[in-house]
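Analysis of the macromolecular model
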There are 2 protein chains.
Amino acid sequence: MRKEVKFYTIKKEIRILGIDDAPFKFGRDKRTMLIGVVFRGGSYLDGVLRSDVEIDGVDATEKIIDMVKRAKFKDLRVIMLDGLGFGGFNLVDIEKVFMETSLPVIVVVRKMPDLNKIKKTIAQMKHSDFYLRCIEKAGVPREVETRKGKSIYIQYHGLKFEDAERIVKISATRSLIPEPIRVAHLIASGIALGESKGGA
Amino acid sequence: MRKEVKFYTIKKEIRILGIDDAPFKFGRDKRTMLIGVVFRGGSYLDGVLRSDVEIDGVDATEKIIDMVKRAKFKDLRVIMLDGLGFGGFNLVDIEKVFMETSLPVIVVVRKMPDLNKIKKTIAQMKHSDFYLRCIEKAGVPREVETRKGKSIYIQYHGLKFEDAERIVKISATRSLIPEPIRVAHLIASGIALGESKGGA
């Protein structure tokens, strides 16, 4: 079992699986769609995968692992998540995703989350123990400057920070956000709402 | 009412709306999903739109016009269709699409269709008169070489062949097929089947 993947070189067209969920209506929907995009670095789309997760459930980790296994794109090198939670608070155990798929995971966060506030909210939820463990495992988000003077934050598992940082910078070709995440977001929101909304 | 749009210059990042339908099961499904992607030339995705059409119906023309109007991307310059029919034989009146949206239409066809065979099939269908008119209006597909020695075919309305040809070549950056069509196909098949299938 590897503790970390070593990236000797990082190609500009490194294959990334970017994952985002579709917007949903709390109280109405039980599940929401999960979209995976296979992307070549920050350049182009190679494939699209669909799955779904339970709102505020605990199946996101398994659903992501399944998605990777189904993908069978053999040169997939890294997984990128648009935040740690899908379908509301259905948080991902990124250590487990790495263990089961052997692919390192990078979680992309637009702004520094208030972890204490999140932990307080979670404390009152059904799956609080599991969620808190997922947050602990993901670690404190670290800053990555993807444009001059403008940053996003990442959590990561299964690779060094320096490698995660390089992969994020290589793939953020069109905006502050890596392309696999930007495009997964456009697809998920476009399909769910009829037209895509900005702000991945 | 303009008979043709003149393209004085064609920018590499000309905004194109590429449209494809999702695979469906004949006899089971009444309707299938229509996916529109707003693409900058052959380079990147700017937005995703969803609609639907009736299998072997006559609403594809209206659905496409609605999609364009909803898009409101003001600098959209041209529409590209993956074939003339969506949801089986739900053919598109590309003259009407042009008249109603003021955007020229390019229909992308992978190989030269057997028009006589298609007309014979259509003659036995419910909406045969309308379908035959759509085929007449679209004209005989013309060859465009998108890679050395490799061609696709296009039908078009509302612009000169030379302009249509340039737009197709500019946007076919990753394969023989223009990116807006390749990507619309990946999304439509990925969403409908759970994972995308090649061969836009």
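Nothing here was measured: the structure is a model prediction, and the numbers come from that model.

**Quick notes on empty space enclosed by the protein**
- Inspection of the entire model under this criterion finds one cavity of 30 Å³ or more.
- Lining of the largest cavity is provided by 13 residues; of these, A:F39, A:L45, B:F39, B:Y44 and B:L45 occupy positions nearest its centre.
- Counting residues per element, the ones that place at least two in the lining of the largest cavity are β3 (44-54) and α6 (179-193) of chain A together with β3 (44-54) and α6 (179-193) of chain B.
- Examining the composition of the lining of the largest cavity, we find that three residues originate from one element, α6(B), more than from any other.
- Here the residues of the lining of the largest cavity sort into eight nonpolar, two polar and three charged.

**Some details on the packing of helix α3 (residues 115-123) of chain A against helix α4 (residues 128-138) of chain A**
Residue and element names in this part refer to chain A.
- Viewed as axis vectors pointing N to C, α3 and α4 meet at an angle of 160°, and their least axial separation amounts to 9 Å. With respect to their mutual orientation, α3 and α4 come out roughly antiparallel. Two packed elements cross with a definite hand, and for α3 against α4 that hand is right-handed. Contacts between α3 and α4 involve L115, I118, K119, I122 and A123 from the former and S128, Y131, L132, I135 and E136 from the latter.
- Classifying every residue of the contact of α3 with α4 gives seven nonpolar, one polar and two charged.

**Some remarks on the relation of the copies chain B and chain A**
- Take chain B, turn it by 180°, move it 0.0 Å along the axis, and it overlays chain A with an RMSD of 0.0 Å. In short, the pair behaves as if placed about a two-fold rotation axis.
- A shared interface surface links the copies, since 100% of the contact residues of chain B are contact residues in chain A too.

Rules used in this analysis
- Residues numbered from 1 in each chain as written.
- Chains lettered and ligands numbered in written order.
- Predicted model: local features only at pLDDT ≥ 70, side-chain atom pairs only at ≥ 80, totals over all residues.
- Heavy atoms only, no water.
- 1 Å grid on protein atoms, 1.4 Å probe; cavity = no way out; pocket = protein on both sides within 12 Å on 5 of 7 lines; lining within 4 Å.
- Points joined across faces, edges and corners; volume = space filled by probe spheres on them.
- Helix = DSSP H or I, 4+ residues; strand = E, 2+ residues; numbered from the N terminus.
- Nonpolar A, V, L, I, M, F, W, Y, C, P; charged D, E, K, R; others polar.
- Axes fitted to C-alpha atoms, helices over the stretch in contact; angles between N-to-C directions.
- Parallel < 35°, antiparallel > 145°, perpendicular 65-115°, else oblique.
- Left-handed = near helix turned anticlockwise from the far one by under 90°.
- Contact = heavy atoms within 4.5 Å.
- Least-squares fit on C-alpha atoms with pLDDT ≥ 70 in both.

Just distances and angles here, no functional claims.
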